[in-house]
Amino acid sequence: GESVGLHLPTLSVQEGDNSIINCAYSNSASDYFIWYKQESGKGPQFIIDIRSNMDKRQGQRVTVLLNKTVKHLSLQIAATQPGDSAVYFCAEIGGSYIPTFGRGTSLIVHP
Amino acid sequence: NAGVMQNPRHLVRRRGQEARLRCSPMKGHSHVYWYRQLPEEGLKFMVYLQKENIIDESGMPKERFSAEFPKEGPSILRIQQVVRGDSAAYFCASSLKVQGGNEQFFGPGTRLTVL
């Protein structure tokens, strides 16, 4: 679920469950999207990307879905593991090639 | 192949001092980006550089902040006369190219604390 105030939205799941993290982007001209994972005390790490001419892309245990009509992006993680616990950011990139990052969602995986 | 390296990892400065943050991009990467991250927020773009050139500094404050990426050596983000509001994590990223793909590889960040 989401928390209010200044805290990051948080998603808590049990190990082995599937996780879905959502992101609403702002610029309809954005044509490239990236999901990053950031563990505590580390820099963001690339997970998966998708271009605007696609609506789905799969990686290893992760799937990204893009809905351009409603400017929505989601990251699905299958069989979530404790090592998946981190903050997940979506980033959108348009003609400037400079990514605009969302605020992030904190994923907590309970063993 | 070493990833993006940043140093120092932690930097403590008193108000009014200067902070110098260094970033060595991945081997072969000539595009460098600096971002600032406040607690529980996303990364905010500051500046984009190629070797010896600033391409886009639209996210960098006009005063006290400067960045360079010399022909030899790391990229430097310099903050003069630091204030408490400069306390944040500063991340550097590098990429191989900017057109046709913009996957940026991030360093571990420098956490600046201004006392």
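The coordinates are above.
An account of the accompanying structure is given in this report. (Residues numbered from 1 in each chain as written. Chains lettered and ligands numbered in written order. Predicted model: local features only at pLDDT ≥ 70, side-chain atom pairs only at ≥ 80, totals over all residues. Heavy atoms only, no water.)

**Things to note about the packing of aromatic side chains**
At step 1: The final tally for this structure, using the stated rule, is 9 aromatic pairs over all chains.
At step 2: With a centroid separation of 4.5 Å and 50° between ring planes, the pair formed by Y25(A) and F33(A) is classed as tilted.
At step 3: Judged by centre distance (6.1 Å) and plane angle (80°), the rings of F101(A) and F106(B) are edge-to-face. Within this pair, whereas F101(A) is found in strand β9 (residues 100-101), its partner F106(B) is found in strand β10 (residues 105-106), the two belonging to separate chains.
At step 4: For F101(A), a relative accessible area of 7% translates into the label buried.
At step 5: The class for F106(B) is buried, based on a relative accessible area of 11%.
At step 6: Ring pairing ties together the aromatic residues Y36(A), F89(A), F101(A), Y35(B), F45(B) and F106(B), which thus form one cluster.
At step 7: Looking at R51(A), its charged tip hangs above the ring of Y32(A), at a distance of 4.1 Å from the centre. (Phe/Tyr/Trp six-rings, centres within 6.5 Å; stacked < 30°, edge-to-face > 60°. Helix = DSSP H or I, 4+ residues; strand = E, 2+ residues; numbered from the N terminus. Buried < 20%, exposed > 50% of the residue type's maximum accessible area, 1.4 Å probe, protein only. Lys NZ or Arg CZ within 6 Å of the ring centre and 35° of its normal.)

**Here's the deal with the sheet that holds strand β3 (residues 19-24) of chain B**
Strand pairing in a sheet relies on backbone hydrogen bonds, with the paired strands running either antiparallel or parallel.
Residue and element names in this part refer to chain B.
At step 1: Taken in spatial order, the 4 strands make up an open sheet running β1-β3-β8-β7, and their pairing is antiparallel. The open sheet is flanked by β1 (5-7) and β7 (65-68), the only strands paired with a single partner. The average angle at which neighbouring strand axes cross in this sheet is 15°, direction not considered.
At step 2: The sheet contact formed by β7 and strand β8 (residues 75-79) spans 4 bridges and is antiparallel. Paired with S66 across the two strands is R78, which belongs to β8. (Pairing = 2+ DSSP bridges. Axes fitted to C-alpha atoms, helices over the stretch in contact; angles between N-to-C directions.)

**What to know about the sheet that holds strand β6 (residues 62-67) of chain A**
All names here are of chain A.
At step 1: Taken together, the 4 strands give an open sheet; going across it, the order is β2-β7-β6-β5, and neighbouring strands pair in antiparallel fashion. Of all the strands in the sheet, just β2 (19-24) and β5 (56-58) have a single pairing partner and so form its edges. Averaged over all neighbouring strand pairs, the angle between strand axes comes to 15°, with direction disregarded.

**Concerning the interface of chain B and chain A**
At step 1: Taken residue by residue, the interface counts 23 residues in chain B and 21 residues in chain A.
At step 2: Between chain B and chain A, roughly 1,700 Å² of surface is buried when both sides are summed, and carbon and sulfur atoms account for 57% of that area.
At step 3: Put simply, chain B and chain A have 0 salt bridges between them.
At step 4: Linking chain B with chain A are 2 residue pairs in polar contact (both at pLDDT 80 or more).
At step 5: In terms of residue class, the side of chain B that touches chain A is built from 9 nonpolar, 8 polar and 6 charged. (Contact = heavy atoms within 4.5 Å. Buried area = accessible area lost by both parts, 1.4 Å probe. Salt bridge = Lys/Arg side-chain N within 4 Å of Asp/Glu carboxyl O. Polar contact = N/O pair within 3.5 Å; in protein donor to acceptor, adjacent residues only side chain to side chain. Nonpolar A, V, L, I, M, F, W, Y, C, P; charged D, E, K, R; others polar.)

**Observations concerning the pairing of strand β5 (residues 43-50) of chain B**
Residues and elements named next belong to chain B.
At step 1: Counting buried residues in β5 gives 6 out of 8 residues, a clear majority hidden from the surface.
At step 2: Sheet topology places strand β4 (residues 31-37) next to β5; 7 bridges connect them, and they run antiparallel. By the bridge assignment, Y33 is partnered in β5 with Y48.
At step 3: Counting the residues between successive antiparallel strands, the hairpin from β4 to β5 contains 5 residues, one of them, E40, with a positive phi of roughly 60°.
At step 4: Judged from the 3 bridges that link them, β5 and strand β6 (residues 53-56) form a sheet pairing that is antiparallel. Each bridged residue has a counterpart across the sheet, and for Y48 the counterpart in β6 is D56.

**Comments concerning the side chain of S19(A)**
Residues and elements named next belong to chain A.
At step 1: Tracing the sequence through the fold places S19 in strand β2.
At step 2: Looking at S19, the relative accessible area reads 1%, which means it is buried.
At step 3: Side chain to side chain, S19 and T80 meet in a polar contact 2.7 Å long.

**Details of the environment of L75(A)**
Residue and element names in this part refer to chain A.
At step 1: Along the chain, L75 turns up in strand β7 (residues 72-77).
At step 2: Expressed as a C-alpha distance, the spacing of L75 and G95, which sit 20 residues apart in the sequence, is 23 Å.
At step 3: When residues no more than four places from it in sequence are discounted, the contact partners of L75 are S19, I20, I21, W35, I47, I48, V62, T63 and Y88.

**Some words on the environment of A2(B)**
All names here are of chain B.
At step 1: Relative to the elements of secondary structure, A2 occurs in the segment before β1.
At step 2: A2 sits in the partly exposed class, given a relative accessible area of 47%.
At step 3: For the pair A2 and E52, spaced 50 residues apart in sequence, the C-alpha to C-alpha distance is 22 Å.
At step 4: Residues in contact with A2, not counting those within four places in the same chain, are M26 and K27.

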